[in-house]
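Listed below are the residues making up each chain.
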Amino acid sequence: MARCADIPASFEKDLVTFINLTKMVNYKDLGLVNTREMFAKAIKGGYAIPAFNFNNMEQLQAIIKAAAETKSPVILQVSKGARNYANATLLRYMAEGAVEYAKELGWEHPQIVLHLDHGDSFELCKSCVDSGFSSVMIDGSHLPYEENVALTKKVVEYAHQYDVTVEGELGVLAGVEDEVSADHHTYTNPEEVIDFATRTGCDSLAISIGTSHGAYKFKPEQCTRDPKTGRLVPPPLAFDVLDAVMEKLPGFPIVLHGSSSVPQEYVDIINANGGKLPDAIGIPEEELRKAAKSAVCKINIDSDSRLAMTAAVRKVFNEKPQEFDPRKYLGPARDEMEKLYKHKIINVLGSEGKAE
Ligand SMILES: [Zn+2]
């Protein structure tokens, strides 16, 4: 701001603060909700809320249509990379538009959360709180324990002033997702969870029990091969770790990241139409169904939607090489993603009809 000679410096500082405050957007004004009530109901009801990542309009349309038509609460999840890709300002209006679109589809009281996935700094989390997010994740899981506690607590103290809920993380997941990557996972230590949840005041906790980011969740040598199909069978999730965490923190909302199942139909379509995804492998849906019935109340799914989209686009490109209208390949991609989201809601997470 340019200095004005007639205004004392202290007043100018107040003015800048005031202008910044008026630029802040509270999620409640956009029609969004935080995760608190949603998670409490999910734990009691034995189901989980879908957290679908999105980067573009077609994905957002598909998520909202699937959620509205099944009346499922839904978490729209945006990573730092996705927020930069979409543009933070545009995103704020897309979220507001999503709520209005849901109503237009006949969902009278949409329960939609806008959530930051893998926030890596206080500043990023603050910026999201200030621009309409109703929930943020601060991922300090790669930091030494005490630093993770301090960073998470700082984010919680800021976010709670605006009734924005906060997800923390303990334990490290393997795999690659945007800026997050690790070679191997370290299971969450159940002995640390009470201390972490109490000292940080976080509203939910992402834990590591063997799920993993990306479409290559396990190396072939970690898996066995099904003799009939020749496909890889992944090692089971560490449900004993989950049970121990639930025993330490009864009724506390638990989050699973990296929970795509990598449907082999999509991998096959991609590979049959010029793609190259050998040995892509995910988490079996039976295991996620089991987790959804426990204190796990948020299940993150990103790769499956990327695969659905890529399979549909590749198919059109291969079968109709003369096609160059984006609606003709992004349209089928959107339909395929909607089908996938509905399948997850109805058959895996059990959240259908939970937001009438
Ligand atoms: Zn994640």
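No experiment lies behind these values; they were computed from the predicted model shown.

**Digging into the packing of helix α3 (residues 57–70) against helix α5 (residues 88–104)**
- Running from amino to carboxyl end, α3 crosses α5 at an angle of 35°, the nearest separation of the two axes being 10 Å. In the crossing of α3 with α5, the sense of the turn from one axis to the other is right-handed. Of the residues in α5, those in contact with L60, I64, A67 and A68 of α3 are M94, A98, Y101 and A102.
- Its residues assigned to classes, the contact of α3 with α5 shows eight nonpolar, no polar and no charged.

**Describing unusual backbone geometry**
- Backbone geometry at H118 places phi at a positive 55°, although glycine is not the residue there.
- Counting through the fold element by element, H118 comes out in strand β3 (residues 112–119).
- Non-glycine residue D279 carries a positive phi angle of around 55°.
- As for its placement among the helices and strands, D279 is situated in the loop between α10 (264–272) and α11 (285–292).

**Comments concerning helix α12 (residues 303–319)**
- In this model α12 runs 24 Å from its N-terminal to its C-terminal C-alpha over 17 residues, within 8% of the 24 Å that 1.5 Å per residue would give.
- Of the residues making up α12, those classed as buried are S303, D304, S305, L307, A308, M309, T310, A311, A312 and R314.
- Where the residues of α12 are buried, they touch β1 (49–53), α3, α10, β13 (296–301) and α13 (326–349).

**Description of the sheet that holds strand β5 (residues 165–170)**
- A barrel is described by the order of its strands in space; here eight strands give the closed sequence β1-β2-β3-β4-β5-β8-β12-β13, paired in parallel fashion. Between one strand axis and the next, the sheet turns through 25° on average, direction left out of account.
- As defined by bridge partners, β3 adjoins strand β4 (residues 135–138) across three bridges and the pair is classed as parallel. Counted as the bridge partner of L116 is V136 from β4.

**What to know about the pairing of β13**
- Of all six residues in β13, six are buried, a share of seventy percent or more.
- In this sheet, β13 lies alongside β1 in parallel orientation, the contact comprising four bridges. Looking at β13, one finds that A51 is bridged to N300.
- Bridge count for strand β12 (residues 254–256) against β13 is three bridges, and the pairing is parallel. Counterpart to L256 in the pairing with β13 is I299.

**So, the nonpolar core**
- Core analysis: the largest hydrophobic core is formed by 91 residues, its most contacted members being I63, L76 and V136.
- Not counting residues up to four positions away in its chain, the partners in contact with V136 are H115, L116, G119, C125, C128, V129, V155, A159, V164 and V166.

**Some words on the pairing of β5**
- Most of β5 is tucked away: six of the six residues are buried.
- Burial of the side chains of β5 extends over both faces: T165, E167 and E169 are buried on one face and V166, G168 and L170 on the other.
- Two elements, β4 and β5, share three bridges in a ladder whose sense is parallel. Looking at the pairing, V136 lines up with V166 of β5.
- On the question of chirality, the crossover connecting β4 to the parallel β5 by way of helix α7 (residues 145–160) is right-handed.
- As paired elements, β5 and strand β8 (residues 204–207) share four bridges and run parallel to each other. Within β8, the position partnered with L170 by the bridge is I207.

Basis of the calculations
- Residues numbered from 1 in each chain as written.
- Predicted model: local features only at pLDDT ≥ 70, side-chain atom pairs only at ≥ 80, totals over all residues.
- Axes fitted to C-alpha atoms, helices over the stretch in contact; angles between N-to-C directions.
- Helix = DSSP H or I, 4+ residues; strand = E, 2+ residues; numbered from the N terminus.
- Left-handed = near helix turned anticlockwise from the far one by under 90°.
- Contact = placed C-beta atoms within 7 Å.
- Nonpolar A, V, L, I, M, F, W, Y, C, P; charged D, E, K, R; others polar.
- Expected span 1.5 Å × (residues − 1).
- Buried ≥ 20, exposed ≤ 12 C-beta atoms within 10 Å, placed from the backbone.
- Pairing = 2+ DSSP bridges.
- Core = buried A, V, L, I, M, F, W, Y, C linked by C-beta atoms within 7 Å.
- Right-handed = clockwise from strand over helix to strand, strands pointing away.

Coordinates in, geometry out; function isn't part of it.
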